[in-house]
Amino acid sequence: MAFVERVFSGVQPTGNLHLGNYLGAIVNFVKMQQTHNCIYCVVDMHAITQGPEVWGGPAELARNTREVTAAFIASGIDPKKHIVFNQSQIAGHAELTWIFNCIARIGWLNRMTQFKEKAGKDRENASVGLYDYPVLMAADILLYRATHVPVGEDQKQHLELSRDIAQKFNNDFGDSIRGHGFADGLYFPQPEPLITGPATRVMSLRDGTKKMSKSEASDNSRINLTDDADTIAQKIRKAKTDPEPLPSEEKGLETRPEADNLVGIYAALAGVTKQDVLKEFGGGQFSNFKNALVEVCVAKLAPIAAEMKRLVADPGYVDSVLVDGANRARGIADETMRMTKDIVGFIRQR
Ligand code: AQP
């Protein structure tokens, strides 16, 4: 494939893949296949940054890795034309992380809001891996010298850190980079975020001010990609709303996070604008709108859930996709590691 720009993005196999992951990330992944060389990674090394009580232990990790791969394929990612693999198969992710650990500054990592949220009050007890997560993410992207990264808005700060690391590496090793044939002194590109999906931030069904998340204790807060039609209907009917009818104008959603979220989800799934949704449902009761939302949600997600179920039942096939993807990813990663080691001055067998 002769596209110039390379996309890299990842999803953690931490279970409960949900509508936020789908609309905020996977829908975009599918689209980008038309215009970019794409590498989509199941980031299993990121998944273990909290304790096994959080990610479920070895059997669950393997199950979830296959499930994310199945979700990619069921949503329309073509693993033959593009690359789909799981991160831990390629040693370069960990190797480049170490070099980047020596580039990134502690002050940069201290500013990462996701670490603060995930570590909570007991920060001393959080793993070093959780703290270092954004550096591993920078290594994931730059190992393939990717130029574009489709992510939800929650990952924007991490991507800025990847840009800072790329820039500092290029600055610190500028002479060596030029000496290795890169006349402009730029080895790593500055990856650009692509936050352009239909819903870059899908919120919890129980609290419109919190993002929909895999790790939220209440299953009713999210629509999982594996939920059946009845479960989807039940969750949407129970979704928190307020007593007012839906407004007719988008401005009326500004102080109503739950209404705004449901309208946004409908718009994203139906491929229309929020204003279009309000034109149809504005002034009406939530119950009618929720029935329509159930319909659009089931119509979109049921075929994906069915295909995921079929694929997960065939682990031999899913594993073969991951091995084939890793073999192709390794070709790119090894080349980056060879050049990076030369630039840094590490002696290696030639
Ligand atoms: N609520 C969301 N709205 C829009 N996009 C979202 N993403 C996640 N939640 C939302 C995007 O999904 C991609 C994959 O995410 P991930 O699994 O690698 O990590 P995450 O962002 O930590 O996902 P979760 O669901 O929020 O997991 P937990 O609960 O473990 O923190 C990313 O591109 C992300 O932006």
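(A) Representation of helix H8 (residues 128–142) within the structure. Here H8 contains 15 residues, and its C-alpha end-to-end distance of 21 Å stays within 8% of the 21 Å for a straight helix at 1.5 Å per residue. Considering bend angle alone, the principal kink of H8 is centred on Pro-134 and spans about 45°. For H8, a buried count of twelve out of 15 residues is recorded, marking the element as mostly surrounded by other parts of the structure. Listing the buried residues of H8 in full gives Leu-130, Asp-132, Tyr-133, Pro-134, Val-135, Leu-136, Met-137, Ala-138, Ala-139, Asp-140, Ile-141 and Leu-142.

(B) Focus on the site of the ligand. Neighbouring residues of the ligand: 21 residues in total, closest Asp-154, Lys-211, Ser-213, Lys-214 and Ser-215. Separating an oxygen atom of the ligand from a side-chain N or O atom of His-18 is a distance of 2.7 Å. The separation between a nitrogen atom of the ligand and a polar main-chain atom of Met-212 is 2.9 Å. Protein chains shield 97% of the accessible area of the ligand, which is 640 Å² for the free molecule. Secondary-structure elements contributing two or more residues to the shell around the ligand are strand E1 (6–11) and helix H1 (19–32).

(C) Local environment of the pattern of salt bridges. Applying the stated rule across the entire model yields 20 salt bridges. Salt-bridge contacts for Arg-63 lead to Glu-67; the nearest nitrogen and oxygen are separated by 3.6 Å. Here the residue Arg-63 and the residue Glu-67 both occupy positions in helix H4 (residues 58–75), the gap between them amounting to four residues, near one helical turn. For Glu-67, a relative accessible area of 11% gives the class buried. Here Arg-178 ties to Asp-175 by a salt bridge, and the two come within 3.3 Å at their closest N and O atoms. With a gap of three residues between them, Arg-178 and Asp-175 both fall in helix H10 (residues 174–179), about one helical turn apart. The class of Arg-178 is partly exposed, set by a relative accessible area of 41%. Several salt bridges share partner residues, and in doing so they unite Asp-219, Arg-222, Asp-227 and Lys-235 into one network.

(D) Inspection of the side chain of Gln-12 at higher detail. Along the chain, Gln-12 turns up in the loop between E1 and H1. A relative accessible area of 14% means that Gln-12 is categorised as buried. A distance of 3.2 Å separates a polar atom in the side chain of Gln-12 from a polar atom in the side chain of Tyr-133. The residues touching Gln-12, leaving out its near neighbours within four places in the chain, are Val-43, His-46, Ala-47, Val-68, Lys-118, Tyr-133 and Lys-214.

(E) Representation of the nonpolar core in the model. Leu-19, Tyr-22, Tyr-40, Phe-72 and Phe-289 are the most contacted members of the largest nonpolar core, which has 60 residues in total. Of the residues forming this core, the biggest block, twelve residues, is contributed by helix H14 (residues 286–312). Other than its neighbours up to four places away in sequence, Tyr-40 contacts Val-7, Ser-9, Asn-28, Phe-29, Met-32, Phe-72, Ile-77, Ile-83, Val-84 and Phe-85. Formed by 40 residues, the second largest nonpolar core is a distinct cluster that contains Ile-39, Ile-103, Leu-109 and Phe-188.

(F) Quick peek at the pairing of strand E2 (residues 37–42). Most of E2 sits out of view: five of its six residues are buried. Two elements, E1 and E2, share six bridges in a ladder whose sense is parallel. Considered in E2, the bridge of Phe-8 is made with Ile-39. Handedness of the crossover joining E1 and E2 through H1 is recorded here as right-handed. Summarising the sheet, E2 and strand E3 (residues 83–86) pair through four bridges and their orientation is parallel. Its bridge partner lying in E3, Val-42 is registered against Asn-86.

(G) How the structure looks around the packing of helix H11 (residues 229–238) against H14. Two elements in contact, H11 and H14, have axes separated by 9 Å at closest approach and are oriented at 145°. At the point where H11 passes H14, the crossing takes the right-handed sense. Two secondary-structure elements touch here, H11 through Ala-229, Ile-232, Ala-233, Ile-236, Arg-237 and Lys-238 and H14 through Lys-290, Asn-291, Leu-293, Val-294, Cys-297, Val-298 and Leu-301. Its residues assigned to classes, the contact of H11 with H14 comprises nine nonpolar, one polar and three charged.

Criteria and cut-off values
In this numbering scheme, every chain counts its residues from 1 along its sequence in written order. Only residues with pLDDT of 70 or above have their local features reported here, since the model is predicted, and side-chain atom pairs are shown and tallied only from 80 upward, although totals for entire chains, interfaces and linings are computed over all residues. Hydrogens are left out, water is left out, and the side-chain values use all remaining heavy atoms of the structure. Going along the chain from the N terminus, every DSSP run of H or I of four or more residues is numbered as a helix, and every run of E of two or more is numbered as a strand. For a helix, the expected span equals 1.5 Å multiplied by the number of residues minus one. Note that the bend at a residue is defined as the angle between axes fitted to the seven residues ending at it and the seven residues starting at it. The rule is simple: take the accessible area with a 1.4 Å probe, protein chains only, and divide by the maximum for that residue type; under 20% is buried, over 50% is exposed, in between is partly exposed. One heavy atom suffices: a residue is near a molecule or strand as soon as one of its heavy atoms comes within 4 Å of it. Polar contact is the term for a pair of N or O atoms within 3.5 Å; when the atoms are in protein, one must be able to donate a hydrogen and the other to accept it, and sequence-neighboring residues count only if both atoms are side-chain atoms. Using the Shrake-Rupley algorithm and a 1.4 Å probe, accessible areas are obtained, with residue cover drawn only from the displayed protein chains. Think of a salt bridge as a Lys or Arg side-chain nitrogen and an Asp or Glu carboxyl oxygen that are within 4 Å of each other. Residue contacts are counted whenever heavy atoms from the two residues lie within 4.5 Å of one another. As used in this record, nonpolar core signifies buried Ala, Val, Leu, Ile, Met, Phe, Trp, Tyr and Cys residues forming a set joined through side-chain atoms within 4.5 Å. Criterion used throughout: strands pair if DSSP finds at least two bridges between them. Every crossover in which the path from the first strand over the helix to the second runs clockwise, viewed with the strands pointing away from the viewer, is termed right-handed. Working convention: axes come from line fits to C-alpha atoms, limited for helices to the stretch in contact. Angles between N-to-C directions cover 0 to 180 degrees. Left-handed describes a crossing in which the near helix is turned anticlockwise from the far one by less than a right angle; the clockwise case is right-handed. Polarity classes work like this: nonpolar for Ala, Val, Leu, Ile, Met, Phe, Trp, Tyr, Cys and Pro, charged for Asp, Glu, Lys and Arg, and polar for all others, with Gly in that last group.

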